[in-house]
Amino acid sequence: MEPTPTRQVFLGAAPLATGFRLAGFEVYPDADAAQLDRLLNELSASRTPALVVIDQDLAKSDSQRLEWVRSEGGRILLTQVPPLNRPDEMRSSVDDRIEQLLGMDWDGA
């Protein structure tokens, strides 16, 4: 029995989607939290391995499934990318956790 192929998916701003499409990703340009939740539910239900890339705005959305996927680990690898026009403003969900653990304030340091 052959392993299930890993889905490569990008959800986020249309300008970023173009590059991911060229790299062979399945893309959802200008996706919202509801689309993200539907995709994550589908991947979870089908037990499909996936690399899911989201833009920073979607990472900050009110997605109901995002935290679940982040804490689950395993089949769905989730990462985020900064806005195309503001690459220096990258801020991931891990940054907040590191700051809390170290008691640091990166904004003023």
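This text goes with the structure placed above it.
Every value quoted in this text rests on a predicted model; they were computed, and no experiment measured them.

Q: Break down the pattern of salt bridges for me, with residues and values.
A: Pairing between side chains of opposite charge can happen when their charged atoms approach one another. Within this structure, the stated rule accounts for two salt bridges. Put simply, Arg7 and Glu42 hold a salt bridge, and the shortest N to O gap is 2.5 Å. Here Arg7 is found in strand 1 (residues 7-12), whereas its partner Glu42 is found in helix 2 (residues 33-46), with 35 residues between them in sequence. For Glu42, a relative accessible area of 40% translates into the label partly exposed. Within the structure, one salt-bridge network assembled from shared partners comprises Arg7, Glu26 and Glu42.

Q: How would you explain the sheet that holds strand 2 (residues 26-29) if you had to name every residue and give the values?
A: Taken in spatial order, the four strands of this open sheet run 2-1-3-4, and their pairing is parallel. In this open sheet, the two strands that pair with only one neighbour each are strand 2 and strand 4 (76-81). Each strand of the sheet is rotated relative to its neighbour by a mean of 15°, with strand direction disregarded. Lying on the sheet, helix 1 (residues 14-22) is in contact with strand 1, strand 2, strand 3 (50-55) and strand 4; it crosses strand 2 at an angle near 170°.

Q: Account for helix 2, with residues named and values stated.
A: For helix 2, spanning 14 residues, the distance from its first C-alpha to its last is 20 Å, which sits close to the expected 20 Å at 1.5 Å a residue. Regarding helix 2, the residues found buried are Ala33, Leu36, Asp37, Leu39, Leu40, Leu43 and Ser44. Buried residues of helix 2, seen end-on, are gathered within an arc of 165° and therefore sit on one face of the element. Opposite its buried face, helix 2 presents the exposed residues Arg38 and Ala45, each directed more than 90 degrees away. Taken together, the buried residues of helix 2 touch strand 1, strand 2, strand 3, helix 3 (56-59), helix 4 (66-72) and strand 4.

Cut-offs used in this document
Residues numbered from 1 in each chain as written. Predicted model: local features only at pLDDT ≥ 70, side-chain atom pairs only at ≥ 80, totals over all residues. Heavy atoms only, no water. Salt bridge = Lys/Arg side-chain N within 4 Å of Asp/Glu carboxyl O. Helix = DSSP H or I, 4+ residues; strand = E, 2+ residues; numbered from the N terminus. Buried < 20%, exposed > 50% of the residue type's maximum accessible area, 1.4 Å probe, protein only. Pairing = 2+ DSSP bridges. Axes fitted to C-alpha atoms, helices over the stretch in contact; angles between N-to-C directions. Contact = heavy atoms within 4.5 Å. Expected span 1.5 Å × (residues − 1). Arc of directions from axis to C-beta.

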